[in-house]
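Chain by chain, the residues run as shown.
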Amino acid sequence: MTTSKYLILSCDGGGIRGLIPALLLQQLPSGFLDNVYLLAGTSTGGIISLALATNVPVSEIVNLYETDGATIFTPSACISAKSANMTSPPPMPANVGSTDWWQYIVDHLLDILCVWYDNTGLKTAVQNVLGSSATATLNSLIPAAPATPWYVLVNTLQLCNNNNVWTPLQLTNLPNIANNTSGTTQVIDAAMSTSAAPIYFPPYPHPVYGFCADGGLFANNPGTIALTTLVESGVALEDIWMLSLSTGITQDSYPAWAINGLGTENAGPLFWFWPTTQTGSNSNGSTFTPAIPLMGAFFDATAAVDTYQCQQLLGTRYQRADVPLSQPIALNDYSPATITAMKNSVNDYVTKSIEWSGILSWIKANFPS
């Protein structure tokens, strides 16, 4: 590790779009990961960070996203076979008060009453990647001196603590963190807790903290929390550097045509939670509204705020790789066409983007192999 430079590698959440940071990892200079001090991740980025911390080859992480989508997204028993595939749900009827609308609700009632996927499939896929390290504790991943430590941090939301409030948690093996006992967490429990995305997967029962949900609910981009936790651990802010890998610029929004189509007076809970992809187009002919608008707004907006905060705190010591996607990609869309689209977007980014060439120059100047 470069003296006095404490490097954070931060990986965002984003479901199947975890393929994007995994592919970017393959494009980093040989030996770059040896400079990393803290591997930080949320949700799918947490899985990536934990896999790296247990020395899983990057090629195997890529393979997880390329080939195990059907296992990861195993439909829950609660969802009928008819409605289990939620990657391309039908559009809402245009007339909110029409008979068609009420029939639509009846036809898709299970989609809002049931969790979509059984997390046993996700757990199986992650355990297969982690191997025997799945049952290791986070603390056991720290090598004995004089080896250079490689710490890890993932975010999860504890749904009820001893004071009956939900609590953002950092599951980490960083030293010198007040009242931190999360290092006794097994790697598989950390992976499942950080990636229990509401609606998609059920809450995960952490053995110590009880039911937990996806850390993306408060930090889909884990950069700022990783940064401040490292400061709490005793590292000076001016010694911290960070490379942040996103899961792509998703092109999700709630455009005016979609809002006007339903009517602003109908912008109640279903407006924000109903699992559908809106039809229609904006000025350039694209469909943007995510399947669950409120979830999309949470994840994307918090990631953007975190990027701004890290840029202001770290200045030139911060770099962010944000791959522009050619199409909106749902968290659970593992179709071959979508996998190909993500691979093509990453290839375009690393071969043509000034941003990526700047990141490589930053690495070469500050973290030579």
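Rules and cut-offs
- Residues numbered from 1 in each chain as written.
- Predicted model: local features only at pLDDT ≥ 70, side-chain atom pairs only at ≥ 80, totals over all residues.
- Heavy atoms only, no water.
- Buried < 20%, exposed > 50% of the residue type's maximum accessible area, 1.4 Å probe, protein only.
- Helix = DSSP H or I, 4+ residues; strand = E, 2+ residues; numbered from the N terminus.
- Pairing = 2+ DSSP bridges.
- Right-handed = clockwise from strand over helix to strand, strands pointing away.
- Disulfide = S-S within 2.5 Å.
- Salt bridge = Lys/Arg side-chain N within 4 Å of Asp/Glu carboxyl O.
- Phe/Tyr/Trp six-rings, centres within 6.5 Å; stacked < 30°, edge-to-face > 60°.
- Lys NZ or Arg CZ within 6 Å of the ring centre and 35° of its normal.
- Patch = residues over 30% accessible without salt bridge, like charges linked within 9 Å, V, L, I, M, F, W, Y side chains within 5 Å.
- Areas by Shrake-Rupley, 256 points an atom, 1.4 Å probe, with all protein chains shown as cover.

*Asks:* Help me out: how do you make sense of the pairing of strand β1 (residues 6–11) in this one?
*Replies:* Looking along a regular strand, one sees the side chains alternate between the two faces of the sheet. Burial runs high along β1: 5 of the 6 residues are buried. Two elements, β1 and strand β7 (residues 240–245), share 6 bridges in a ladder whose sense is parallel. Paired with Y6 across the two strands is I240, which belongs to β7. With helix α1 (residues 19–26) bridging β1 and the parallel strand β2 (residues 36–42), this β-α-β connection has right-handed handedness.

*Asks:* Explanation requested: the state of the cysteines in the structure shown.
*Replies:* Joining two cysteines, a disulfide is a covalent bond between their sulfur atoms. One pass over the full model with this rule turns up 1 disulfide. Here C78 pairs with C114 through a disulfide, and the sulfurs are 1.9 Å apart. Residues C78 and C114 are joined by a disulfide whose S-S torsion is about -50 degrees; by sign, that bridge is left-handed. Remark: C114 occurs in the loop between α6 (109–113) and α7 (119–130) and C78 occurs in the loop between α4 (69–72) and α5 (99–107); sequence separation between them is 36 residues. For C114, a relative accessible area of 8% puts it in the buried group.

*Asks:* Explain the environment of G234 to me, please; I cannot follow it from the model alone.
*Replies:* Turning to its location among the elements, G234 is positioned in the loop between α10 (223–232) and β7. Among the residues examined, G234 registers a relative accessible area of 64% and is labelled exposed. Along the backbone, G234 and P175 are 59 residues apart, and their C-alpha atoms lie at a distance of 8.6 Å.

*Asks:* Explanation requested: the pattern of salt bridges in the structure shown.
*Replies:* Proximity of charged atoms lets side chains of opposite charge pair with each other. Considering all chains together, one arrives at 3 salt bridges under this definition. Residues D12 and R320 are paired through a salt bridge, measuring 2.7 Å at the closest nitrogen-oxygen approach. Of this pair, D12 sits in the loop between β1 and α1 while R320 sits in strand β8 (residues 318–321), and the two are 308 residues apart along the sequence. Residue D12 is classed as buried on the basis of its relative accessible area of 2%. The salt bridge involving D348 is made with K352; its shortest N-O contact spans 3.7 Å. Here D348 and its partner K352 are both found in helix α14 (residues 336–352), 4 residues apart, which amounts to about one turn of the helix. On the basis of relative accessible area, D348 is assigned to the partly exposed category, the value being 38%.

*Asks:* Would you take a moment to explain the packing of aromatic side chains for this structure?
*Replies:* The geometry of an aromatic ring pair is captured by two quantities: the separation of the ring centres and the angle between the planes. Counted under the stated rule, the structure contains 12 aromatic pairs. The interplanar angle of 45 degrees and the centroid separation of 5.9 Å between the aromatic rings of Y117 and F201 together place this pair among those described as tilted. Here F201 lies in the loop between α8 (187–194) and β5 (204–206) and Y117 lies in the loop between α6 and α7, a separation of 84 residues in the sequence. With respect to burial, Y117 and F201 carry one shared label: buried. When the centroid spacing of 5.7 Å and the interplanar angle of 85 degrees are considered together, the rings of W241 and F367 count as edge-to-face. In this pair, W241 is assigned in strand β7 and F367 in the segment after α15 (354–366), connecting sequence segments 126 residues apart. When sorted by exposure, W241 lands in the same class as F367, which is buried. By the ring-pair criterion, three or more aromatic residues cluster together here, those being F32, W241, W362 and F367. The ring of F367 carries the charged tip of K5 above its face, separated from the ring centre by 5.6 Å.

*Asks:* What is the right way to read a nonpolar patch on the surface from this model?
*Replies:* Taken together, the side chains of V231, L237 and L313 define a hydrophobic patch exposed on the protein surface, amounting to about 200 Å² of accessible area. On the secondary structure map, L237 appears in the loop between α10 and β7.

*Asks:* How do you make sense of α1 when you look at a structure like this?
*Replies:* Since the α-helix advances by 3.6 residues per turn, residues separated by three or four positions end up pointing in the same direction. Of all the 8 residues making up α1, 7 are buried; the element is thus mostly covered by neighbouring parts of the structure. For α1, the complete set of buried residues consists of L19, I20, P21, A22, L23, L24 and L25.

*Asks:* Is there a simple way to think about unusual backbone geometry in this case?
*Replies:* Glycine aside, residues mostly have negative phi, and peptide bonds are mostly found in the trans state. Phi at N176 takes a positive value of approximately 65 degrees, unusual for a residue other than glycine. Positionally, N176 belongs in the loop between β4 (167–172) and α8. N176 sits in the exposed class, given a relative accessible area of 60%. Residues other than glycine seldom take positive phi values, yet I199 does so here, at roughly 80 degrees.

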